[in-house]
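# Overview (structure and organization)
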Amino acid sequence: MDRQKTQEVALSVRHSTDQHPMLQASVLLLIVSIWFPGATRIAGTDGSLSFLLALFCALVSVVCYGETARRLHQTEAALAAAVLTTSAFIIVLSLLSMLYADSPLRTMRAVFAQIFGFATIPAVAAISTRPKGFEAVDRLVMAMIIMSVATSCLVTIGLGDAKFADRAEGYFKHSNQLGIALSAGLPLIAAQLVTARRHRILLLGCLAAVLLGLVKSGSKTNFVVGVVGLGIFFGLYSIYLVMRKQRPLSVILGVVAAPVLIQVCLVTLQSLNPRAYKLLSVQLSGGEAHSIVSRQRLWSMSIDLGLTHPFIGVGAGQPVGDIAPHSHNLFIDYFRTLGVPGVALVAVIVLLVAGYLVTAVLSTLFGNDRSEDATEANVMVLGSSVSVWNYLAANQMSDSFGPSTAPFFWLPLALLMAYRGMQRSLQAGSDGHAKLYATTAPQLFER
């Protein structure tokens, strides 16, 4: 009996190990594709190639996720199960709404957005729990950084479809979508910057390039979200250092440099995008900018449509008449399109993720681990947490969890869960307990 069990474990480990390189390559290709939704169209639908890659990643990762789930900490396993189950209900409601929606095919927009969750969370979890999982996950982060810098450079020089007037879309459909993608990438670059042992000048240049791309996008909301998100990350990192009584000079320099950085960003916005700077100044001074007034009217119309169809909505992915493709607010859009059940489900996802963010950040700030590996994992937990938060904040004004930007929620969340799991594993190892992740087949046999 014991011999049979050992053979089953060996086969399971060998099967999941064989799929690991293919899964990692698939996720890397997916990361590249999500930065070019407008250039990866199939039959005129944005992001079609990304969706096909997401489906492939989901199919491959589901095969090995059963074994992976047993290696995850119960918190990460429970969060993945709860969030993906809720996403599955949203998919079911969206497909059912095809029966009464004015544009049945547009209901697939909501389905596409949720599919990315099934593609990234199990895949990144499977990659992170394999031998050398830390390096593999870092590779995914570097892919995100490279693509954010490449997109920013293309926008800055105006190559191809990324031409700039005062609102640049890059290779997305709208400038707000470009802004969301870049603001989600900024905290990951900052986290790599503060933990890097070398190439810090290069990473600093990457940070400046993405900030410049954000300025060029002309998305005022995402400019504020991106800059404030950077401030939040460096603030959390300063608290992290203070709690461990490390690098006091860096903390002092950070406190002095923060207002200077904000001022430099504003001056850059004023110089390179005067229109966006003027509108932002009007908004911050309490004036009524046109974009704010139009959004308020859009929200009012969307709420009225939701109240007219409170239980089923008007159908997933449906535009707001001829005015806008979505309601420019995550909760209002789901109330309008899927009624009370839809907004309740998306609220569950947001609350679960927000609670997980708070717990992860507090545990990181007040932990006692001081090893070099633990520091890298801890800082990446902070960076990926801010990245997820940036996306949630931006979706209250800029987007409504559309399929072109949904990967920039699911992927940072998957990275956060992976780094949080590594953090727990390192803590368990330093306490002398068994590590949470399996390593190699011989070690499994010894256990």
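Structure's up top.
So, how was this worked out
Residues numbered from 1 in each chain as written. Predicted model: local features only at pLDDT ≥ 70, side-chain atom pairs only at ≥ 80, totals over all residues. Heavy atoms only, no water. Helix = DSSP H or I, 4+ residues; strand = E, 2+ residues; numbered from the N terminus. Buried < 20%, exposed > 50% of the residue type's maximum accessible area, 1.4 Å probe, protein only. Salt bridge = Lys/Arg side-chain N within 4 Å of Asp/Glu carboxyl O. Phe/Tyr/Trp six-rings, centres within 6.5 Å; stacked < 30°, edge-to-face > 60°. Expected span 1.5 Å × (residues − 1). Axes fitted to C-alpha atoms, helices over the stretch in contact; angles between N-to-C directions. Parallel < 35°, antiparallel > 145°, perpendicular 65-115°, else oblique. Left-handed = near helix turned anticlockwise from the far one by under 90°. Contact = heavy atoms within 4.5 Å. Core = buried A, V, L, I, M, F, W, Y, C linked by side-chain atoms within 4.5 Å.

## Quick look at unusual backbone geometry
- With a phi angle near 60°, His199 is a residue other than glycine that sits in the positive phi range.
- By secondary structure assignment, the location of His199 is in the loop between α6 (175-195) and α7 (200-217).
- Residue classification places His199 among the exposed residues on the basis of a relative accessible area of 52%.
- Although it is not a glycine, His328 sits at a positive phi angle of roughly 60°.

## Some thoughts on the pattern of salt bridges
- By the definition in use, this model includes two salt bridges.
- One salt bridge connects Glu76 with Arg424, and the closest N-O pair in it is separated by 2.9 Å. With Glu76 in helix α3 (residues 74-96) and Arg424 in helix α14 (residues 407-430), the pair connects residues that are 348 residues apart, well separated along the chain.
- Glu76 gets classed as buried once you look at its relative accessible area, which sits at 2%.
- By relative accessible area, which is 15% here, Arg424 ends up buried.
- Across the salt bridge formed by Asp333 and Arg336, the nearest N and O atoms sit 2.8 Å from each other.

## What to know about the packing of aromatic side chains
- The full count for this structure, using the stated rule, is 14 aromatic pairs.
- With a centroid separation of 6.3 Å and an interplanar angle of 5°, the aromatic rings of Phe233 and Tyr237 are classed as stacked. Highlighted residues: Phe233 and Tyr237, both in helix α8 (residues 220-243), separated by four residues, approximately one helical turn. Side by side, Phe233 and Tyr237 carry an identical accessibility label, which is buried.
- Measuring from centroid to centroid gives 6.3 Å for Tyr237 and Tyr240, while their planes differ by 15°, and the two rings are stacked. Here Tyr240 and Tyr237 lie together in helix α8, a separation of three residues that amounts to about one turn. Summarising the burial analysis for this pair, Tyr237 and Tyr240 share the class buried.
- Taken together, the ring pairs connect Phe233, Phe234, Tyr237 and Tyr240 into an aromatic cluster.

## Regarding helix α5 (residues 133-157)
- Compared with an ideal rise of 1.5 Å per residue, which puts 25 residues at 36 Å, α5 spans 36 Å between its outermost C-alpha atoms and is within 8% of the ideal.
- Directly after α5, the chain includes Gly158, whose backbone phi takes a positive value near 70°.

## Focus on the packing of α6 against α8
- It is the contact of α6 with α8, at a shortest axis distance of 9 Å, that shows an interaxial angle of 20°. For the element pair α6 / α8, the angle class is roughly parallel. In this structure, the crossing between α6 and α8 has a hand that is right-handed. On α8, the residues that touch Asn176, Gly179, Ile180, Ser183, Leu186, Ala190, Ala191 and Val194 of α6 are Asn222, Val225, Gly226, Leu230, Phe233, Phe234 and Tyr237.

## Let's talk about the nonpolar core
- In terms of nonpolar packing, the biggest core is built from 113 residues, with Trp35 and Phe409 touching the most fellow members.
- Examining the composition of this core, we find that 13 residues originate from one element, helix α12 (residues 330-365), more than from any other.
- Aside from chain neighbours lying at most four places away, what touches Phe409 is Ile349, Val353, Val388, Tyr391, Leu392 and Phe401.

## A look at the packing of α7 against α8
- The geometry of α7 relative to α8 is characterised by a closest axis approach of 9 Å and an angle of 155° between their N-to-C directions. Put simply, α7 runs roughly antiparallel to α8. The two elements α7 and α8 cross, and the hand of that crossing is left-handed. Listed contacts from α8 to Leu207, Leu211, Leu214 and Val215 of α7 are Asn222, Phe223, Gly226, Val227 and Leu230.

These figures come from the coordinates and say nothing about function on their own.
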